[in-house]
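One-letter residues, chain by chain:
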Number of protein chains: 2
Amino acid sequence: MTRTLYDLAAADGTRFSPYCWRVKLALAHKRLDYETVPWHFTEKAAIAASGQSKVPVLVDGARIVSDSQTIAAYLEQTYPNSPALFGDAQTQALTLFIKDWTETILHPAIAATVLGDIYRCLCPEDQPYFRETREAAFNRSIEDIDANRQQAEAHLYAMLKPLQKRLSAQTFIAGDSPSWADHLVFGALQWGKLVSATPLLAQDDSISIWMDKVLSTYNLQTV
Amino acid sequence: MTRTLYDLAAADGTRFSPYCWRVKLALAHKRLDYETVPWHFTEKAAIAASGQSKVPVLVDGARIVSDSQTIAAYLEQTYPNSPALFGDAQTQALTLFIKDWTETILHPAIAATVLGDIYRCLCPEDQPYFRETREAAFNRSIEDIDANRQQAEAHLYAMLKPLQKRLSAQTFIAGDSPSWADHLVFGALQWGKLVSATPLLAQDDSISIWMDKVLSTYNLQTV
């Protein structure tokens, strides 16, 4: 059986989606093989069978699953004998707070820093779509966002403080080994790292060290 | 045996310390009786036996314990038959991230909003100490901080987004019942609520509803 993940790709093939990274880590965590199909923002028809228009989309035999959290829950339920992604009910509740922190604080802070870099990474057919949707969401032009990069970076570093502090004291967000909480936050930072024209974090930053450890835990390549 | 908690008090007796609130919730969670002694910033001599100069200080029979996290760990270890404050290792790791988020993001955002209100709440002998230490920490005068309250409030609301979102979806941060993660965050919000001259949150805000539920879970009075 082939397991296929539709994975957002830049013009040079870089896979930068934070939501797709979560799922790739979850698949690695569950020790499940898969192939990826590079996908671009404007290729809505290719994933129409999922009933929605965004990646990640996982095709697992006859099942088509979208939305990273739904995919993670699907994997946990479908492959109960693989290593657990989630812990008990209390762990899951705390992890959902970390998910909300990632999506309401970290994602906007990273986007405000690298939105122009993402735009410039995209294949030409994706650029008008990206400009239109993101400029509407931010209510600012990409050029305006570019011009405010220094301020956005300072805000991002302020927002990263709790993560930086915690990862100076423990190896993974979930403790001695990574779990879904790590995958959620890693996706955000990996997205920023892969698209940013200049390094966002020093190599000896506790967050950089953690990112390398997440990848090496799953035998994934350090980018 | 008398169990005594040294508890920071304002001029009118209001107990507003975020760190003391954590411990009061932890004691209630463990179903342990205690008495509080109102304490003021300048009464360092009263807690000298703890070997440091800050509250909370818990005197439990012959044991004197300070620092809220150390007190929580002490209670968990000393009273293993009372309801657990912490969960398994993974839960504890995630809770420590929430602790760092509370202390590096939430506390500064609340302090920047209500620092002047705290100053005005204090008994006169505490005010010079508070002004000196806080103005040094913020590198601004209390009057300057007061003048920037509107901006500070806007920042605080932005920082509360993930909490607001999560508590719209689940009853407590730790899920169906509160635990140490809830106590850590509650302490911060209760501190802001008790000292602020104007309400920080609407009564129907998911955070306000959660705060009431935390108090009622432990049969503590809604303030």
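Each chain carries its own residue numbering, running from 1 in the direction its sequence is written. Ligands are numbered from 1 and chains lettered from A, in the order in which they are written. This being a predicted model, a pLDDT of at least 70 is required before a residue's local features are given, and a value of 80 or more before pairs of side-chain atoms are given or counted; all residues contribute to the totals for chains, interfaces and linings. Based on all heavy atoms of the structure, the side-chain values leave hydrogens and waters out of the count.

## Focus: helix α3 (residues 89–121) of chain A
All names here are of chain A.
Link 1 in the chain: The terminal C-alpha atoms of α3, which comprises 33 residues, lie only 40 Å apart, well short of the 48 Å expected from a rise of 1.5 Å per residue.
Link 2 in the chain: Bend angle per residue: angle between axes fitted to the 7 residues ending at that residue and the 7 residues starting there. Secondary structure elements are defined from DSSP: runs of H or I of at least 4 residues count as helices, runs of E of at least 2 residues count as strands, and each element is numbered from the N terminus. Its maximal kink placed at Val-114, α3 deviates by approximately 65°.
Link 3 in the chain: Within α3, 27 of the 33 residues are buried, which leaves it mostly tucked inside the rest of the structure. Here a helix's expected span is defined as the number of its residues, less one, multiplied by 1.5 Å. Per-residue accessibility, obtained with a 1.4 Å probe over protein chains only, is compared with the maximum for each type, and a residue is labelled buried under 20%, exposed over 50%, and partly exposed between these values.

## Overview of the state of the cysteines
Link 1 in the chain: Only a pair of cysteine sulfur atoms within 2.5 Å counts as a disulfide in this structure description. Counted according to the given criterion, the structure contains zero disulfides over all chains.
Link 2 in the chain: Summary of cysteine pairing: Cys-123 of chain A is not part of a disulfide, and the nearest cysteine sulfur, belonging to Cys-121 of chain A, is at 11 Å.

## Remarks on the relation of the copies chain A and chain B
Each of the two chain copies goes to the other by way of a rotation about an axis and a shift along it.
Link 1 in the chain: Relative to chain B, chain A is turned by 180° and slid 0.0 Å along the rotation axis, the superposed coordinates differing by an RMSD of 0.0 Å. What we have between these two chains is a two-fold relation. Across chain A, the rotation axis passes nearest the C-alpha of Thr-91 of chain A, at a separation of 2.6 Å.
Link 2 in the chain: Two residues qualify as a contact provided that any one of their heavy atoms is within 4.5 Å of a heavy atom in the partner residue. The fraction of interface residues of chain A whose copies in chain B are also interface residues reaches 100%, indicating that both copies meet through the same surface. Here the copies were fitted onto each other by least squares, based on C-alpha atoms from residues at pLDDT of at least 70 in both.

## Topic: unusual backbone geometry
All names here are of chain A.
Link 1 in the chain: Cis peptide bonds are those with omega within 30 degrees of zero, and the linkage from Val-55 to Pro-56 qualifies with 5°.
Link 2 in the chain: For Pro-56, the location among the structural elements is in the loop between β2 (35–39) and β3 (57–60).
Link 3 in the chain: Despite not being glycine, Asn-219 has its phi angle at roughly 55°, a positive value.
Link 4 in the chain: Relative to the helices and strands, Asn-219 is located in the segment after α9 (206–217).

## Examining the UniProt feature "domain: GST N-terminal" (unreviewed entry) in chain A
Link 1 in the chain: UniProt positions are given in the numbering used here, feature names are shortened, and annotations may be inferred rather than shown by experiment. In the numbering used here, UniProt assigns the "domain: GST N-terminal" (unreviewed entry) feature to residues 7–83 of chain A.
Link 2 in the chain: From the first C-alpha to the last, residues 7–83 of chain A spans 23 Å; its make-up is 30% helix and 19% strand.

## Some remarks on the pairing of strand β1 (residues 3–8) of chain B
Residue and element names in this part refer to chain B.
Link 1 in the chain: Of all six residues in β1, six are buried; the element is thus mostly enclosed.
Link 2 in the chain: Going residue by residue along β1, you find Arg-3, Leu-5 and Asp-7 tucked away on one face and Thr-4, Tyr-6 and Leu-8 tucked away on the opposite face as well.
Link 3 in the chain: In this description, strands pair whenever DSSP reports at least two bridges between them. In the sheet, β1 pairs with strand β3 (residues 57–60) via four bridges, with the strands oriented antiparallel. Residue pairing in the sheet places Leu-5 in a bridge with Leu-58 of β3.
Link 4 in the chain: Across five bridges, the pairing between β1 and strand β2 (residues 35–39) is parallel. Residue Leu-8 lies in a different strand from β2, and its bridge partner there is Trp-39.

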